[in-house]
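Fold and geometry: a report
Take a look at the letters that make up each chain.
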Amino acid sequence: MTAYDVIVLAGGAAKRLGCADKPGVRVGGRALLDRVLAACDGAARTVVVGDRRPTARPVLWTREVPQGGGPLAALGAGLRLTSADHVLVLSADLPFLGPGTVDALLAAAAQPGREGALCTDPDGRDQPLVAAYRVEPLRRELALIATEHGNLAGLPLRLLTEELDLARVDAGPDAAFDCDTWDDIAAARARIREHGAVLDEWITSVKNELGIDLDVDTGVLLDLARDAAHGVARPAAPLTTFLVGYAAARASAGASPDEAAAAVAEASRKATALALRWEAEAAESAETAESAKSAGQGGDTAGGAKPDTGREGTGTP
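What you are looking at is a predicted structure, and each value in this text was computed from that prediction instead of being measured.

Quick look at the pattern of salt bridges
- Going through the model one piece at a time under the given rule, you end up with 15 salt bridges.
- Asp165 is the partner of Arg114 in a salt bridge, and the nearest nitrogen-oxygen pair spans 2.7 Å. A residue pair is termed long-range when its members are at least 10 positions apart, and Arg114 in the loop between helix 3 (99–109) and strand 7 (116–120) and Asp165 in the loop between helix 5 (158–161) and strand 9 (166–170) qualify at 51 residues.
- Among the ionic pairs, Asp126 bridges to Arg168, the shortest N-O distance being 2.5 Å. Taken together, the residues span a long stretch of sequence, with Asp126 in strand 8 (residues 126–134) and Arg168 in strand 9 at a distance of 42 residues.

Re the packing of aromatic side chains
- Summed over the entire model, instances satisfying the criterion amount to one aromatic pair.
- Just above the ring of Phe177 sits the side chain of Arg191; from NZ or CZ to the centre is 4.7 Å.

Structural notes on a nonpolar patch on the surface
- There is a patch of nonpolar side chains on the surface, built from Val198, Leu199, Trp202 and Leu222 and spanning about 390 Å² of accessible area.
- The element that contributes the greatest number of residues to the nonpolar patch is helix 8 (residues 198–210), accounting for three residues.
- Turning to its location among the elements, Val198 is positioned in helix 8.
- A relative accessible area of 35% means that Val198 is categorised as partly exposed.

Some points on the packing of helix 2 (residues 71–79) against helix 4 (residues 135–149)
- Running from amino to carboxyl end, helix 2 crosses helix 4 at an angle of 130 degrees, the nearest separation of the two axes being 11 Å. Relative to helix 4, helix 2 is oriented oblique. Classified by chirality, the crossing of helix 4 by helix 2 is left-handed. Across the interface between the two elements, Leu72, Leu75, Gly76 and Leu79 from helix 2 touch Val135, Leu138, Arg139, Leu142 and Ile145 from helix 4.
- Its residues assigned to classes, the contact of helix 2 with helix 4 shows seven nonpolar, one polar and one charged.

Notes on unusual backbone geometry
- Following Val65, the chain continues to Pro66 via a peptide bond in cis, the omega torsion being -5 degrees.
- Here Pro66 lies in the loop between strand 5 (60–62) and helix 2.

With respect to helix 3
- Residues of helix 3 that are buried: Thr101, Val102, Leu105, Leu106, Ala108 and Ala109. Looking down the long axis of helix 3, one finds its buried residues gathered within 165 degrees of arc, a one-sided arrangement. Residues of helix 3 that are exposed and angled more than 90 degrees away from the buried face: Pro99 and Gly100.
- Residues of helix 3 that are buried sit in contact with helix 1 (32–39), strand 6 (86–91), strand 7, strand 8, strand 9 and helix 6 (172–175).

Remarks on the pairing of strand 1 (residues 5–9)
- Of all five residues that make up strand 1, five are buried, and the element is covered over most of its length.
- Of the two faces of strand 1, the one holding Asp5, Ile7 and Leu9 and the one holding Val6 and Val8 are both buried throughout.
- As paired elements, strand 1 and strand 6 share five bridges and run parallel to each other. Paired with Val8 across the two strands is Leu90, which belongs to strand 6.
- By the bridge criterion, four bridges tie strand 1 to strand 4 (residues 46–49) in an arrangement that is parallel. Bridge pairing links Val8 to Val48 in strand 4.

Calculation notes
- Residues numbered from 1 in each chain as written.
- Predicted model: local features only at pLDDT ≥ 70, side-chain atom pairs only at ≥ 80, totals over all residues.
- Heavy atoms only, no water.
- Salt bridge = Lys/Arg side-chain N within 4 Å of Asp/Glu carboxyl O.
- Helix = DSSP H or I, 4+ residues; strand = E, 2+ residues; numbered from the N terminus.
- Phe/Tyr/Trp six-rings, centres within 6.5 Å; stacked < 30°, edge-to-face > 60°.
- Lys NZ or Arg CZ within 6 Å of the ring centre and 35° of its normal.
- Patch = residues over 30% accessible without salt bridge, like charges linked within 9 Å, V, L, I, M, F, W, Y side chains within 5 Å.
- Areas by Shrake-Rupley, 256 points an atom, 1.4 Å probe, with all protein chains shown as cover.
- Buried < 20%, exposed > 50% of the residue type's maximum accessible area, 1.4 Å probe, protein only.
- Axes fitted to C-alpha atoms, helices over the stretch in contact; angles between N-to-C directions.
- Parallel < 35°, antiparallel > 145°, perpendicular 65-115°, else oblique.
- Left-handed = near helix turned anticlockwise from the far one by under 90°.
- Contact = heavy atoms within 4.5 Å.
- Nonpolar A, V, L, I, M, F, W, Y, C, P; charged D, E, K, R; others polar.
- Arc of directions from axis to C-beta.
- Pairing = 2+ DSSP bridges.

Shown next as structure tokens:
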């Protein structure tokens, strides 16, 4: 995989959001900035151009000069703190950016003769802040633009992208979705709750909140919860999955993420087998009781006489 640094531009005025702190706005319980940082956690160095704030992982901070000088000025400020041959350039308001898009951009930017790669949105528009660039031509063009215009403040990004040989990456409708307005924020929040997406979003958010770097097969855990609820009792589902997590944590203390994931799978397998044994025993007992009742050995005695209960507890035969 191509080694890279990342620059996240997080210093805009967010006027269409009423000058709100856009990087800190939460979508799915996570700040927009943290969602972007999670997509590029393989970067050797992460530079955020904007005001300092708590983040999910360590970053380097800087500001453009003058503050509010626009994306080219911010890009120039961030570039001074990078050292890799390729740099990923992202805005801080991409709630659905994922590692797959990052990999695709880096692979396209590394093609012979290319000076970078950027995403296109569903309408075919270039997205220069969802892009990967080779650092050498990026520095060259920024220097030429600054020389021609006196500085980079207030200049549009197209002055840069028009001069570079860039590949285009169609990453689907979500990767380049950005949040410029409160309607965009509302749409993003609604989208992550759609059927088929909400569970993955929730698990990712929980792992980030708890500081867990672990890929587990959620299907296995859901099957375990189903078997525990069906074979034992409904409240057994959450309690069993908690115990599986605890057992896996003990078994994988000091282990690698892969070994920890394997420990979860093994604990889930054992607990599932136990739940199925409980279910089988219950079915067997029900079958035995039904057979006994059919043979007249359960409930009323033959002839309809009831058993003698008058001497219960007396100790007499």
